[in-house]
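# Examination of the molecular architecture
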Amino acid sequence: MKLNQWFELLSVDESVADVLREFLPLIETHIDRILDVLYTRLRACSASAPAFRSDEALVRARRSQKEHWLKHVFAGNFDDNYLEAARRIGRTHHQLGVDLRLYMGAYAIVLNELTRIVEEVIPGGKDARLRYLEAVTNVVFTDMGLATYGYYDTMLSHVEEMAHQLNMSLARAGEYRDNETGEHIVRMSRMCEAVALSYGKDARWAEMLRVASPLHDVGKIGVPDSILLKPGRLTSDELVVMRQHPEIGGDIIPEHPAEVIGMARRIALTHHEKWDGTGYPVGLRGSEIPLEGRIAAICDVYDALISRRPYKPAWSTEEALGHILSNSGTHFDPDVVRSFLACLPRIDEIQRLHADMEGAGTRLEMGPVCC
């Protein structure tokens, strides 16, 4: 939810800001009392005390909180700096390991103490106090919501990074048994992202493709070593077994409602399909092949062509591009080919940044000649 939508939901408008500014001088005089109560409780609680074990950490946290309240929350100053400050507080609390439930409880402590102060110091009778308490309650919940968003955003970033690392580990397991190098899946996935952006897909879709595409050959885990590591060309029977790896990949990657997992499964199943319908395992034709499979196909082939393998030397860039162009409309989607060519500078940069180490992929006794 965008900040202005949140403000609309909680009825935080200029009139609320005016009320906060009106009573700020009174609250400012008593702000240290609120902080005293809050941090005394935090240090006394066994769950939150470790975050404030040192006096220095306590002073730093208290100073930062005081500045945030007086500069933004109780001052009715909700600009972009406030938005970033609230999110930063959430991120910091997550990184410190502060339990989110305690974090929310801290807001209750603040509101309780603030209510006592309001009863004592705000003149004008009950109506004036209620007017201020309504305003401050709304902005405190806004502040809590934004900070909680920052807290969860940080947590999800860590989870996503862990999931990506596990994904790459599984992808490397498939590559490790073949003659590919670990850098192949890095190059291939980043090329897929570049081509997707060149094709006109949005950044989120392209990023999902980068995360999903390393699993394109995970099905090779299920191919027998006698075939996968055969040093020469495969027989027709062996080729039938080898060509089962997309379906094995589809079995390994579960059907799941998560978009990125669904995309990874589709890539594993379709990256050997061809535009003219002569590919495998199903023989899909044209747009029957998911776009992610069509993009993965061209990036996988291009990287294989310009890389040295036990069974072949590396092709030149010109030779590889000639192969891509000559197979546009047969193996490859012509629109994807055009998008690939349009982002060649980025493709070249990826190849340079993630080049194989000298000697990688040179197990001369291994590696089938496979399509």
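Refer to the preceding data block for the structure.
Report on the accompanying structure. (Residues numbered from 1 in each chain as written. Predicted model: local features only at pLDDT ≥ 70, side-chain atom pairs only at ≥ 80, totals over all residues. Heavy atoms only, no water.)

Moving on, we come to helix H3 (residues 31–44). The end-to-end C-alpha distance of H3 is 20 Å, a good match for the 20 Å that 14 residues give at a rise of 1.5 Å each. Within the sequence span of H3, burial applies to Ile31, Ile34, Leu35, Leu38, Tyr39 and Leu42. Looking straight down H3, one finds its buried side chains confined to an arc of 110°; they lie on one side. The exposed residues of H3 that point more than 90 degrees off its buried face are Thr40 and Ala44. For H3, the elements touching its buried residues are helix H2 (14–29), helix H4 (55–73) and helix H6 (100–121). (Helix = DSSP H or I, 4+ residues; strand = E, 2+ residues; numbered from the N terminus. Expected span 1.5 Å × (residues − 1). Buried < 20%, exposed > 50% of the residue type's maximum accessible area, 1.4 Å probe, protein only. Arc of directions from axis to C-beta. Contact = heavy atoms within 4.5 Å.)

The next subject is the pattern of salt bridges. For the coordinates displayed, the defined rule picks out 25 salt bridges. Across the salt bridge formed by Arg346 and Glu349, the nearest N and O atoms sit 2.8 Å from each other. With Arg346 and Glu349 both in helix H17 (residues 344–353) and three residues apart, this pair spans about one turn of that helix. Judged by its relative accessible area of 30%, Glu349 falls in the partly exposed class. Among the ionic contacts, a cluster of salt bridges with common partners joins Asp32, Asp36, Arg62 and Lys66. (Salt bridge = Lys/Arg side-chain N within 4 Å of Asp/Glu carboxyl O.)

Okay, the nonpolar core next. Ranked by size, the top nonpolar core spans 50 residues in total, and within it Leu20, Leu38, Trp69, Phe74, Tyr132, Val136 and Val139 carry the most contacts. Discounting chain neighbours no more than four positions away, the residues touching Trp69 are Ile31, Ile34, Leu35, Leu38, Phe74, Ala75 and Val110. By size, the runner-up hydrophobic cluster in this structure holds 42 residues, among which are Leu209, Ala212, Ala296 and Ile324. (Core = buried A, V, L, I, M, F, W, Y, C linked by side-chain atoms within 4.5 Å.)

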